[in-house]
Amino acid sequence: MTDNRIESHRKYRTELKDKVIKVLGGSCVCCGLTSRHNLTVDHIEPIMGAKRLENWKLYILIRDNPVDALMEFQLLCFGCNASKNKYEKCSLNHEDDLN
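A short tour of the structure in this document, coming up. These numbers were taken from a predicted model, which means no experiment stands behind them.

### Overview of the pattern of salt bridges
One pass over the full model with this rule turns up five salt bridges. Residue lysine 84 pairs with aspartate 42 through a salt bridge whose shortest N-O separation is 2.5 Å. Of the two residues, lysine 84 is situated in helix 4 (residues 78-87) and aspartate 42 in strand 1 (residues 39-43); the sequence distance between them amounts to 42 residues. Accessibility classification places lysine 84 together with aspartate 42 in one group, the buried group.

### A closer look at the side chain of threonine 40
You can see threonine 40 is positioned in strand 1. A relative accessible area of 12% places threonine 40 in the buried class. Separated by 2.7 Å, the side chains of threonine 40 and asparagine 81 make a polar contact.

Calculation criteria
- Counting restarts for each chain, with residues numbered from 1 along the sequence as it is written.
- With the structure being a predicted model, the display of local features is reserved for residues of pLDDT at least 70 and the display and counting of side-chain atom pairs for 80 or more, all residues being used for whole-chain, interface and lining totals.
- Note that water and hydrogens are dropped before the side-chain values are worked out from all heavy atoms of the structure.
- Criterion for a salt bridge: a side-chain nitrogen of Lys or Arg within 4 Å of a carboxyl oxygen of Asp or Glu.
- By definition, any uninterrupted DSSP run of H or I lasting at least four residues is a helix, any uninterrupted run of E lasting at least two residues is a strand, and each is numbered from the N terminus.
- Note on exposure labels: buried denotes an accessible area under 20% of the residue type's maximum, exposed denotes more than 50%, and partly exposed covers the range between, all computed with a 1.4 Å probe on protein chains only.
- Any pair of nitrogen or oxygen atoms within 3.5 Å is treated as a polar contact; in protein, a donor-acceptor pairing is required on top of that, and neighbouring residues in sequence qualify only through side-chain atoms on both sides.

Taken by themselves, the reported measurements are silent on function.
If you want it as C-alpha cells, here you go:
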C-alpha cells in the first residue's frame, strides 16, 4: 500500500469507530469512561466461535443497523469488558474511580 492509501484507510477506520461509539452512546455503560481508545464493543449476550465478526465488519454492521445494534451491543471500557468476560458481569469497584 502507498502512504496515501494507508493514511486513507487509517482515517476511514477511525471515522468508522467514532460513528459506532456515537451510535452506542459514547461511553462505557458500566463506569462512564469516554476515552475512545479504551472503549470496546461488547455483545450484550455473549457469543462464541464462528458468529464473532472481525472489528471492522462488526463496526459496519452497527453503523448500518443502529436500532438493532442498540439491542445487541454496548460499549464497555477494556477493564469492564475484561471483568464481564471473566465473571459474567463487571465486578470492578468504580467508587474508587470517583475519588
